[in-house]
Amino acid sequence: MWEARAVRGRGPELLEWARERSRVLAYEPERREVFRAPQDRVLVLTWWEAETFDAELPELPEPDAELITRPVHRWRFEAVE
């Protein structure tokens, strides 16, 4: 999971940036979804098949500092039954 908050009013620009970057990862995830939320937030969820929780996987980079209000948040989750 990748989440960022754009500078006020630049949410559409951050959304487009995230869409573009998520399309050109080193390899394709099993699934990808992009969301937007109030306060110019953008969220990208990607699903990967990996042998271990800490496997090396492609990540979206950090946007230019002028586009975001704080560093990007990244979390990994695993499905549970």
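Refer to the structure above for everything that follows.
Fair warning: this is a prediction, and the values are worked out from it, not measured in the lab. Along each chain, residues carry numbers from 1 onward, in the same order as the chain's sequence is written. Only residues with pLDDT of 70 or above have their local features reported here, since the model is predicted, and side-chain atom pairs are shown and tallied only from 80 upward, although totals for entire chains, interfaces and linings are computed over all residues. Each side-chain value is derived from all of the structure's non-hydrogen atoms; neither hydrogens nor water enter the calculation.

Caption draft 1: Representation of the sheet that holds strand 4 (residues 73–74) within the structure. Paired strands are those between which DSSP finds at least two bridges. Helix and strand assignments come from DSSP, with helices taken as H or I runs of at least 4 residues and strands as E runs of at least 2, each series counted from the N terminus. Strand order in the open sheet made by the four strands is 2-3-1-4, with antiparallel pairing throughout. Because the sheet does not close on itself, it has two edges, and the strands there are strand 2 (31–37) and strand 4. Note: strand 1 (residues 2–5) against strand 4, two bridges, orientation antiparallel. Of the residues in strand 4, the one forming a bridge with Trp 2 is Arg 74.

Caption draft 2: Geometry of the environment of Glu 28. Secondary-structure assignment places Glu 28 in the loop between helix 1 (11–23) and strand 2. Whether two residues are in contact is decided by their heavy atoms: any pair within 4.5 Å suffices. Among all residues touching Glu 28, those that are not within four sequence positions of it are Arg 23 and Trp 48.

Caption draft 3: Structural detail: the pattern of salt bridges. Criterion for a salt bridge: a side-chain nitrogen of Lys or Arg within 4 Å of a carboxyl oxygen of Asp or Glu. In the structure shown here, the tally under the stated rule is ten salt bridges. Linking Arg 41 and Glu 3 is a salt bridge whose minimum nitrogen-to-oxygen distance equals 3.3 Å. Residue Arg 41 is found in strand 3 (residues 41–47), and its partner Glu 3 is found in strand 1; the two are separated by 38 residues along the sequence. Relative accessibility under 20% of the residue-type maximum defines a buried residue, over 50% an exposed one, and the middle range a partly exposed one, all with a 1.4 Å probe and only protein chains included. A residue is classified by how much of its surface remains accessible, and Arg 41, at 25% relative accessible area, is partly exposed. The partner of Glu 33 in a salt bridge is Arg 31, and the shortest N-O contact between them spans 2.4 Å. One salt-bridge network, in which partners are shared between bridges, spans Glu 59, Glu 62, Arg 74 and Arg 76.

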